Structures are given as C-alpha cells and as structure tokens.
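Chain by chain, the residues:
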Amino acid sequence: MTRAFTRIPGMTMALVRRFPVTTLLVNLGVLFLVLVAFSWSPTAVGENQVGYGYRVVCVNEVLNGDAIIADLDLIKGTDVYGPDVERLQLTVRYDNRDRIRVHLTDTNSPRWEVPADLIPRATAQELNTLRNATYSPDSSKAACRKLKVPLSRKPTIPVQNTAHPLEFSYTTEPFGFAITRRSNGEVLFNSTPSISMVNESATPSFNNMVFKDQYIELSTQLPSDSALYGLGEGTHAAGLRLAKGHTYTLWATDIGSYNLEIDLYGSYPFYVDVRKGGLTHGVLLVNSNGMDCVYGDEALSFKTIGGVLDLYFFAGPSPKAVMDQYTQFVGRPAPMPYWTLGFHQSRYGYKTLKEIETVVAKYKEVDLPLESMWSDIDYMDRYMDFAINPDTYPPVEFRKFVDTLHANDQKFMMIVDPGIKIDDDYPPYVRGKELDVFVRNEDGELYLGQVWPGAVHYPDFLHPNAKQWWAKEISEFYKQMPFDGLWLDMNEPSNFCSGPNCYYPPDVVCPEALDWCCMVCDNTNVSRWDRPPYHINTHWNKELYEKTITMTARHYGDVKHYDAHNIYGFAQTVATNKALKEITKKRPFVMSRSLYPGAGQFTAHWSGDNGASWNDLRYSIASIINSGLFGVPMVGADICGFFPSTWEELCNRWIQVGAFYPFARDHSDVHFGPQELYLWKSVTHSAKKVLSMRYRLLPFLYTLLHEAHVTGSPVARALFYVFPEDATTLDVSDQFLLGDAILVSPVLSGGQSSVKAYVPKGTWYNIFDWSAIRSNGSHHVLDAPWDSINVHIRSGSIVPMQEYANTTALVRRSPISLLVAFDGQEGDSASGDMFLDNDDDFGMEVRPKSSTYLRFKASLSANGGSIRSSATYGDWAEQQGLYVQKIAVLGVQSMPASVRIHGVEAPESVRFDLNTSAALLEISGLRLPAGKDFEVVWESTPNAAVGFVASI
C-alpha cells in the first residue's frame, strides 16, 4: 500500500510565502482562511526576529510513498537565543493506519532524543538509513528531487492512496506543513503563519519554524472552537480545558501540587484537540527537554530548549480512538493487581511501628475497610533507602506486623527515594560505586547532592548497569521485608541544594533530615546549560537547576542532565517494575511521582502534595482525568489533602469523592495533624457508605483497568471523553465518569446540601437510592446532604458487582450481581462486561487457565425482557466457584409472571420482586455459574402483585 504527500506550492514568485492551503482544503470555512491570509516577508520584521525559517531544497519519496525525506536549508540566521542550525533533515512517515510522524533534526550533527528503549520507535540513525537508501552507489549526492524556482510551476505531488485518514502537506519557502483530516478537509495542524485576525494586526500570528541548538520553536494555527486538553503536569484554576493566554511549562519539579499555574512533577508534551461536533485528534511531541507551550488566541507554540522535533499525529476521530492510538504508540497502561483498588492508608509521620499497628487496629475496630498500609520515610534508618530503623521499627517486630497483614489479606507498601547516601559502610552505596551507576559531574567526579539522608549520589537509570544494581538492592530489601509494592518519591529528581558548584565546607557537619541546603553553592558563573539563552517559564522564574541535579551533570553516554531531566522518573519506573517482576514473580505495583509519556506501562501515579482546601478538592478531579489522558489511568489524589491540617467537613466531602478515584488513599504531612477516617464520626459514617459501594463495584473497576490495559481508555473519564459531540461537556471540570456507565457529581465547596450537576442526555439512576433523572442534556440541582454524594448509572449499562467485605480478597470470592439499567422504553438494550483473572500474571490478557471474560447483553420488550451472558475461557471462573446470584433491572414497571433460565421455568429457589417506586426488578437465588453461558428471560404481567426488594 502506498501513501503520497501533497506539496502546496506558492501562488507566484512574489507570493511564495502565502498561506499554503489552496490545494488542500475543500470546505468553505477553511477556504476563507486562505482568502484572508496574505503574504508577509521576513525582511519586513525587525532585526530582533527569532528566526526566518527554512526552505525545502530537496525531497524524495521512499518506502513506496509511505515516507518522504527532505533537506531544508536556513533562509537567514539570527543570533537571538544562539545561532541557527544551517541544514535540517525532514522525515515524514505514515507510521500506521491512523498515525503520521514528522521528524526534524540537524542533518550534520546528532542530537539528543528520548531513548528508543523508553518509547520504542525508529531512531534518528534508523531514519537516516531511509535517507542513505536514496543515494546513488557511485555518487555522494542524494538522488532526491531538487526543487527549483519558480515554485509556483512545480506540480503538486499526486495523492496515490486515500485510505489513510490524515494527509501531510507542505510549503517550500518558508517551510511549513499541515496535517489535514481527509474526511472533511479540516486542518488539524498548520505550522505556516497566518495574519492575525484576532488583533487585526499586520504581523504573522507566530514565527516560522526556528531550530537552534538550545531553542526550537514550532507553532500551529488553531480555530477558535478548538478545545484543548493535556500539556501537563500542572494544577490550573481554569480546570480541565486548557485556557488561552496561558503558558504551560513542562519541567519536572519537586513542588507541591497545591501551587497553581506552575510546572509540577511530570512532563507530558501531549494534547487532545476536540473540534466542533466532537471530532478529535491528538498531538505528541517526543522531546524531553524543558519547554513552554504557549497557548494564544489563535495558535499554540512549542518552545523547547533542545532535542529535536519528533511529532506524532493521532487521527482519532473520537477521544477513545485517540487514546487507543496514543497508548498503542507510547505503551499500554500497566496491568494492576486487584488489591490496588482497595482503600489505602498512609501518612508521613508514623514515627514508630506502634503507631502503624494502632492505625490498623482502629480501622478494624470501627469496621472500615483497609486494604493496605503505606510507610513513608519514617521507617528508614537515617533516611537511607533499603535500611530499617532498628529503634523505631524493630526489624523482627516489623516483619511480624507485615506477615500479620498478609495473613489477613492486607498489603504493605514502602517508599524509596533515588538519592543514595554517601557512606562506605552502606552496601547499596558501595555496590553502586563498584558498578559505576551514579550520575557524574562534567569533570567526571561523582555528582554531589543533598536530600533526606544528607549527602547523596544519584543513580543513573540510563546506565546499562543500573537495572542490575537496582534489582539487587530491591531484592536484598525484600528478603528483610516482603512488601507488596514500591512507592517512588522525589524522582524529578529532587535536591535540597541548587546549582552546579555545591560543596560541603570541611568544618560544617550537617544533621540528617534537613529539608534545606547545608552545602555552600557558588552559582555566580554557570554554563549555558544551567542558564540557557531562552529561559522557560519555570516555577517562580527559578533556574533550571533549582532543587534538582545540575544541568551539566552527565548520564551514561555523556548525556547531559539538561536533556535527560524530564525522563529521570520514567527511567526509574522501568527499572523498578522490571526488578519487582524478577523478585516477586507476580504482577508488580509501582507508584511514581515523576512521569513522562509511556511511563504508564510501568507505574501508577498520585497527584503529589496537594492542599487541604476546597479548591484542591476541586482541582483533584482535573488531575486524575488528565493523568488518564496521559496514559496513567491508575491515579488518585491524597484524600482529605496532604498539607496543611484538614478539617471534618472537608474530609467528609473528600472521602465521598476519593472513594471513586481509581486509586483511593488517605495521606497527610508530618507537620500537621492526622486525618484517618475514624477520627470524626461524620467522616466514618460517610466512609462506610461510599467505601461499601466502592468495594461492591470492584469487579466493574477491575474490568475498567483491563479495558485501560487493552485500549488505553482511562478509568476516570472526562464527560467530553464519552460525550464529545455535546459541547457543554467540553467545559465540565467538576464531575467525572467511571468508564462510560457511572457519573460522579460531588459537592466541592463548604456548607452545601445540593449540587448543580450537568447530566448528559439519557436516563440516569442514583446508585444509592435508584431515583431517576431523565435528562435532555442539561444541568440539574441534586440533593446532597452531608453524608451523600450523587453517583448515577447510565441507562444502557450493565454493571457487575459483588458483595461488600473489608478486603478485596473476600470481595473477589463473593457471589456476583448484575445491575442492568434500562431507559424504560420498549426496545431498550443494555450491555456490559466483566474481566476476571488470577491477579498474578504479568499481563492482563484474556487467556485460558488464568482468566475469564464475560459479555452481558440485555433487552426490554413489551412483554418482559432478557439478559444473556457469554463466557470466554469460562473454565477459570468455574474453578474459582464464582456464580451470578442476583440480577437487578432498573426501568421495569411490570411484575414478571414467570422467569425462565435456558428456556426452562426457574426453580422455586429463584425469587423475583418488583419495587415499583424505583422501577427495579430483582431476580435472586439464581446461582448461575459465571463461567458458563446463560440466558434469563422474564415475562411480565401488567398490574401483577408487587413484592418489595432491598437495594442490590
């Protein structure tokens, strides 16, 4: 199959820089842009112009039209932000049926790129083989098609294949390119400037492409109705949708997520663009250098301080399709152990083992579920990784405590930080030095930093020996304490000292556990790497080296930290995930703070040090939704807030929301009071109510994790993700969906007893009391007393549930119930599914002997209804003794006269009852083996006697 590329020539010699769309656009709306976009000359711009762009001088199609290789020459250089790269190589590939790759780099000198072992793809060297294939064996000159003037006389390259949903096109001078959706001619990305129509100025809306050693700029026009999401990590007052007039800076930074509008822990140069009518595409820039993403009135500009331009365009056309395409490229989300869906308790400040034992006992005393305890750095001996404090956490007693948790089907999580204490009596340090796995200075000496244990060296997770060393240290630690997963903190990486020239004075002794710098740092003379010519908009305008490793430090292969900073946490998660697989032989669980696209295939995430405030509760929803869009669906925020002290009403409302996060954990700071759920009676009451529902929904949530692993779809979803054609959903930031079926509409401010919620079109049933909302797509004011949250199931859904128990292990062994939601009209249908497995396999695939996949379909007729279940590899579910005990059907008004199973009248042990006020039919006592196909049919008799049914 071949795919060709369209080149859009200039109209005349005088207008060679005119907006390049005449051969590309078919609809009148985009044609209008052509008519209003006139030519502009770079010489008309002042001498302070950042750059003047490039011209295409040579182009060739390769791979049967699936790719082009082109040479671009600089039109005119400037000294702003440094000299321009003289010649660029452009490679464009139709990577697959729904993705286009556009790659630009220096033709003559290799440049830093995200390693292909982190995001697998063709490297610059491999792309260059395409170029080499175009050379004549007897000539050093490329056998490519030279472009000559007048450009307007050059023909457009014919389109030989229209199967691909996207089309690449380009202008020759100055070079610009566009990505167009073939189905409607809509331009999705256009890097050629237009005349500003917002400000009615005669200047271009943005610069032509600029490519310097430490400054690369590429922009795209955007229509006014674009709705953009992504470009993280950050906490933004505007909510989920990106706001025009903002600069989104991507630089991994150790700073609390309660801070607004600044760069946080992770870096995600990926955005989703939802256009009018719901058509959606995605754009990923695989570049790990610091960058500003400037969102203007009519354009988006990437301004990065190094690397290359390696862009991927995902065709969609729906948000779900974009996530499928994006995660297919960067890596599918990691399979998660079932137990991670339980409720977790943590605190920085459990200073002794006795305190943790007391917390576990109190949760049991008040009958609240507790799946796992988490231990922060309090357990460490002198705050060193892989070392237990013998005084406050006596190892023998500590081990007995963890063994007791395991005996009770509970788990234990432990934290590790990347900084390794410099101590010749500390085995991890000694072994690390022997394997040469620590980051070095520019002069070859080991780089010196300071974190909790004092003076530290940092592991270089790009070093080929690092995985071996890291696995050894985890293995030795696991022998002491059989933890169930690892929590990776401080891996931006964090440093309490800032700068390239820090040292400990010989007469100064620094105590441990300082959170301020004890070294002397002389930063009067720093290099262009620590202070680059273009200063990205880092938090509070700080230097790049602020609170992290200096930019001139070296990783393996002489890679500067300047280039690798944003992937440090990513590389650590890869090593940790691999080590846990080798050591435990089970599906690993890793929780990491600093991430990059692709890290979701190895780790879960939490939103970091959030605030205990109503605003932070609201921001948490956008945070978990964004994480899912970045490919990390197992995510949560610290319930009740990390910092400072929370209070009863806030904690009460927060557990109501947090119980429906994909990952639900209470975590708080040592400097403020504890906030366990049993400390306030109102919070305990609400927690029992919502956590009981969460645990009953565990099979549904686990099935969503399976869907995430297979398709990339988030567990917690924005309303626009499911209803992109509904324009109102584009601005909803205070509600979320679990899958497509369950809508969560929380109270997010104090003193409220109701909530104004947007309810998409359809019938929705309150999952706690079965009350129905029939919405045409509008806002509704819903009652929300102090102990209640509005959670609704969507008609057309079938949600699998199981019985409540205090641990996920007990829930998994309990009978299954199916909750079917109909609109209540004749001809209604509903569907759902359920994934079950052994929880140990590294993968989460549907396979024989270790998993079962169930599909449910239901229909409603004038005379009754039916529900069918079909099982794939049902033997495994049968071996577990799982069965369907109850079916509850919402939207039923008539009492059944009979129930048949597989066409046979149901036995007397099967009971059916109707709650007319809730329009809820319950069929119980079924005991249908989950691993076998079944069909249940009921026939109704109008005005029949009505029985009473409790909620499912």
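Before reading on, note that the structure itself is shown above.
Since the model is a prediction, treat every value here as computed from it, not as a measurement.

K.L.:
An account of helix H5 (residues 395-407) is needed here, citing residue identities and associated values.
P.N.:
Compared with an ideal rise of 1.5 Å per residue, which puts 13 residues at 18 Å, H5 spans 18 Å between its outermost C-alpha atoms and is within 8% of the ideal. Inspection of H5 places Phe 398, Phe 401, Val 402 and Leu 405 among the buried residues, and these make up the whole buried set. What you see down the axis of H5 is that its buried residues fit within an arc of 95°, all on one side. Structural note: H5 exposes Val 396, Lys 400 and Ala 407 on the side pointing more than 90 degrees away from its buried face.

K.L.:
Pulling in residues and values, what's your account of the side chain of Thr 253?
P.N.:
Assignment of secondary structure puts Thr 253 in the loop between strand E13 (246-250) and strand E14 (268-274). Looking at Thr 253, the relative accessible area reads 4%, which means it is buried. Engagement of the side chain of Thr 253 in a polar contact is seen with the backbone oxygen of Trp 251, the distance being 2.8 Å. Here Thr 253 is in contact with Asp 263, Leu 264, Tyr 265, Glu 492 and His 539, once residues within four sequence places are set aside.

K.L.:
Tell me about the packing of helix H12 (residues 681-696) against helix H13 (residues 698-711), residues and numbers included.
P.N.:
In the contact formed by H12 and H13, the axes pass within 4 Å of each other and the chain directions differ by 55°. In terms of their interaxial angle, H12 and H13 are classed as oblique. Contacts between H12 and H13 involve Arg 694, Tyr 695 and Arg 696 from the first element and Leu 698, Pro 699 and Leu 701 from the second. A class-by-class count of the residues in the contact of H12 with H13 yields four nonpolar, no polar and two charged.

K.L.:
Go over the packing of helix H7 (residues 466-480) against helix H9 (residues 568-584) with me, naming the residues and quoting the values.
P.N.:
At a minimum axis distance of 9 Å, the contact between H7 and H9 shows a crossing angle of 50°. Accordingly, the angle class assigned to the pair H7 and H9 is oblique. Between H7 and H9 the crossing geometry is right-handed. Residues Lys 467, Trp 470, Ala 471, Ile 474, Ser 475 and Tyr 478 of H7 form the contact with H9, whose participating residues are Gln 572, Val 574, Ala 575, Thr 576, Lys 578, Ala 579, Leu 580, Glu 582, Ile 583 and Thr 584. Of the residues that constitute the contact of H7 with H9, the class distribution is nine nonpolar, four polar and three charged.

K.L.:
So what's going on with the side chain of Thr 105? Residues and values would help.
P.N.:
On the secondary structure map, Thr 105 appears in strand E5 (residues 99-106). Residue Thr 105 is classed as buried on the basis of its relative accessible area, which comes to 8%. If sequence neighbours within four positions are ignored, Thr 105 has contacts with Arg 87, Leu 88, Gln 89, Arg 111, Phe 211 and Val 308.

K.L.:
Account for the environment of Phe 211, with residues named and values stated.
P.N.:
Relative to the elements of secondary structure, Phe 211 occurs in strand E10 (residues 210-211). Classification of Phe 211 by relative accessible area gives buried; the value is 0%. In this structure the C-alpha to C-alpha distance between Phe 211 and Tyr 54, which are 157 residues apart in sequence, comes to 9.2 Å. If sequence neighbours within four positions are ignored, Phe 211 has contacts with Tyr 54, Asp 84, Val 85, Leu 88, Leu 104, Thr 105, Asp 106, Arg 111, Ile 216, Gly 307, Val 308 and Leu 309.

K.L.:
Could you give me a rundown of the sheet that holds strand E22 (residues 420-421), with the residues and numbers involved?
P.N.:
Across the sheet, three strands lie side by side as E22-E24-E23; this open sheet has antiparallel pairing. Each edge of the open sheet carries a strand with a single partner, namely E22 and strand E23 (449-451). In terms of strand pairing, E23 meets strand E24 (residues 454-457) through three bridges, oriented antiparallel. What sits directly across from Gly 449, in E24, is Val 456.

What counts as what
- Residues numbered from 1 in each chain as written.
- Predicted model: local features only at pLDDT ≥ 70, side-chain atom pairs only at ≥ 80, totals over all residues.
- Heavy atoms only, no water.
- Helix = DSSP H or I, 4+ residues; strand = E, 2+ residues; numbered from the N terminus.
- Expected span 1.5 Å × (residues − 1).
- Buried < 20%, exposed > 50% of the residue type's maximum accessible area, 1.4 Å probe, protein only.
- Arc of directions from axis to C-beta.
- Polar contact = N/O pair within 3.5 Å; in protein donor to acceptor, adjacent residues only side chain to side chain.
- Contact = heavy atoms within 4.5 Å.
- Axes fitted to C-alpha atoms, helices over the stretch in contact; angles between N-to-C directions.
- Parallel < 35°, antiparallel > 145°, perpendicular 65-115°, else oblique.
- Nonpolar A, V, L, I, M, F, W, Y, C, P; charged D, E, K, R; others polar.
- Left-handed = near helix turned anticlockwise from the far one by under 90°.
- Pairing = 2+ DSSP bridges.

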